[in-house]
Amino acid sequence: MSYENCARIINDDIFDLVNETFGREKSSRNIEGRVNFFDTYKDYFVLTDDGSYSINSKEINHKVETLHTSTGAISESFEKFIKPMKFNYYEDIAVLDICAGLGYNTSAAIADFLKNSKANLTIDMVEISKATLACGLLVPSPIPEHDITKKAIENELIVQDYAGLSLETAEIPENISINVFIEDARQTVQKLDDNTYDAIFLDPFSQNMAPELFSLEFFREFRRIIKNDGIIATYTSSAPVRAGFIEADFYIGLGPIFGRMQGGSLASPNPEMLDWSLPKNDEIRIALSDVGIPFRDPGLNNKSKDILNERTRERQNARHSTKISSAVKTPIFLGQTMDDEKLKRRVERNLAKMNIPSTTSPQANYIVEVEDDYREKQDFENNSRNRILEMEKRLKKVKEEEIKF
Ligand SMILES: C[S@@+](CC[C@H](N)C(=O)[O-])C[C@H]1O[C@@H](n2cnc3c(N)ncnc32)[C@H](O)[C@@H]1O
C-alpha cells in the first residue's frame, strides 16, 4: 500500500472523485471534469467562516478533522503563519511549507511578500498527497495569489503525470520560485540544505493523528535547515511538541490565538525572534511532568501508532522516576497552598514519590522559584526555554537528593 493510502490525508470519497477526474482528464484531454468539479461536488467542500473552503480528512479511529479551522481557512494562514514572522523584506526570503494541502499557507506568504518586498522569494511546498494538491486546483481561490500557487501545483502534477492539461492561466512572477515536493515530509527534510529557511510552516493534522510530523528527530532536521533568525510556526499548544522543540535546541514562544482557546507555538534558534513566553503553567508542566515527553521517531520512518505507543511506554517509565506524574496536573500545585483536601492528598502522594514532601515544602519552592522571574515578554536571558531547563535541572537534584533542605 502506498504511503498516501495509509497516511492521514483527505476523505476517501473526495480522494476517489479527484483521482477519477484527473485520470479521465489525462485519457480524454477533456477540461470539463476539472472545470465543473467544484459545482458538481460542492457538498464535499466545507465552507469556513471567512468564505474560504476546506475539506475533511480521512476518517481515522472514527475521527475526522478538517484541513483548516472553521473560523476561516485562509484567515488562519495569515494569522497563524504569516503574522508571527519577522521577515527582513530587503533580503531574499526562503519558506518551507510543510503539509501544504490546498496551498493556502503558501498563498498567504506570496501575498505578504508581494505587498512588502522587491527581493526574491523561494517557497518549498511539501505535501504527501497528489489528490490533496489537486483539490487545491479545484477550490475557488480565496485570494488572488492562490492562482499563483495553483499554477505551481499544476506544473508539478503535470510533471508527475497526474494532471493532463495546463489550465491555470496565472503567471508565477520572476522573483518567486515555488518548488513542490510530493512525498512524506520526513523524507524531504533530510534532503534539504543546512541553514536555508527564514520560515517553516508546520501544519499537519493533530498530534494524535500525525505524531510523526511533530517528533524530536523531525525537529532536529529543522534545526539544521533553518537560519539562525528563522521562525517555525505551528498551530498547536501541545506540551510534547513544545518539549520536542526544546530538546531539539530551539527557543520557544507563544503563537497567535486564532480559532482556538490557546495560542499556537513558535520556535527559533534565536530567542530574540520570539516575543511572548508560554503561559507559566505550560512551562511547569513541560519541565516537570511526563506530558513533557516528546514524540520520538529515530529513523524518521515509524508508523503513527508505534510512535504514540512508544511515548505512552516512555511516560509510564518516567512517572515517579524522572518526572512528576501528570495526573490531576500535579506539578502546577507546587508552591501553592491547597484547600481541597482530597485533591491535596492525591497531589502530595505523587510529589512524595519524587522526594517532594508537600506542595509548600522547601523542595517544592526551590523548583518553582524559577517562575518568580517570569515575564510575558521574552528576551535573551529571560525566556521559556531557560526556565524550563532550569526547573528540569532542579527537579533532578531534588529527586536524587543532591541538595540538602
Ligand atoms: C491540516 S492539512 C494542511 C493544510 C494546508 N497547510 C493548507 O494550506 O491548505 C494537513 C496536510 O498534511 C498532509 N500530510 C499528511 N501526512 C503527511 C506527510 N507525512 N508529509 C507531508 N504531508 C502530509 C495531508 O495530506 C494534509 O494535506
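Residues numbered from 1 in each chain as written. Predicted model: local features only at pLDDT ≥ 70, side-chain atom pairs only at ≥ 80, totals over all residues.

### Focus: the pairing of strand S6 (residues 197–202)
Extensive coverage of S6 is indicated by the burial of six of its six residues. The sheet contact formed by strand S3 (residues 93–98) and S6 spans four bridges and is parallel. Residue Ile-98 lies in a different strand from S6, and its bridge partner there is Leu-202. As defined by bridge partners, S6 adjoins strand S7 (residues 226–234) across five bridges and the pair is classed as parallel. Bridge pairing in S7 links Leu-202 to Thr-234. With helix H9 (residues 216–225) bridging S6 and the parallel S7, this β-α-β connection has right-handed handedness. (Buried ≥ 20, exposed ≤ 12 C-beta atoms within 10 Å, placed from the backbone. Helix = DSSP H or I, 4+ residues; strand = E, 2+ residues; numbered from the N terminus. Pairing = 2+ DSSP bridges. Right-handed = clockwise from strand over helix to strand, strands pointing away.)

### Quick word on the sheet that holds strand S5 (residues 176–181)
Spatially, the seven strands line up as an open sheet ordered S5-S4-S3-S6-S7-S9-S8, and their pairing is mixed. Pairing within the sheet leaves two strands with one partner each, and these edge strands are S5 and strand S8 (251–254). This sheet shows a mean twist of 15 degrees between the axes of neighbouring strands, independent of strand direction. (Axes fitted to C-alpha atoms, helices over the stretch in contact; angles between N-to-C directions.)

### Side note on the site of the ligand
Near the ligand lie 24 residues; those nearest to it are Cys-99, Gly-101, Leu-102, Tyr-104 and Ala-185. Its residues placed into classes, the shell around the ligand shows 14 nonpolar, six polar and four charged. (Near = placed C-beta within 6 Å. Nonpolar A, V, L, I, M, F, W, Y, C, P; charged D, E, K, R; others polar.)

### As for the domain arrangement of the protein
Accessible area lost during the coming together of the parts is what is often quoted as the interface size. One can read the domain layout of the protein as domain 1 (74–205) and domain 2 (282–399). The C-alpha-based centres of domain 1 and domain 2 are spaced at 38 Å. (Domains from an automatic or database assignment.)

### What to know about the pairing of strand S4 (residues 121–126)
Burial analysis of S4 places five of its six residues in the buried class, the great majority of the element. Since S3 and S4 lie parallel, the crossover through helix H5 (residues 104–116) that links them has a hand, and here it is right-handed. Bridge count for S4 against S5 is six bridges, and the pairing is parallel. Each bridged residue has a counterpart across the sheet, and for Asp-124 the counterpart in S5 is Asn-179.

### Digging into the environment of Ile-176
In this fold, Ile-176 is placed in strand S5. Each residue touching Ile-176, except ones within four places of it in the same chain, is listed here: Ile-110 and Leu-121. (Contact = placed C-beta atoms within 7 Å.)

### A look at unusual backbone geometry
A positive phi angle, near 55 degrees, is found at Asn-195, a position not held by glycine. Here Asn-195 lies in the loop between helix H8 (185–191) and S6.

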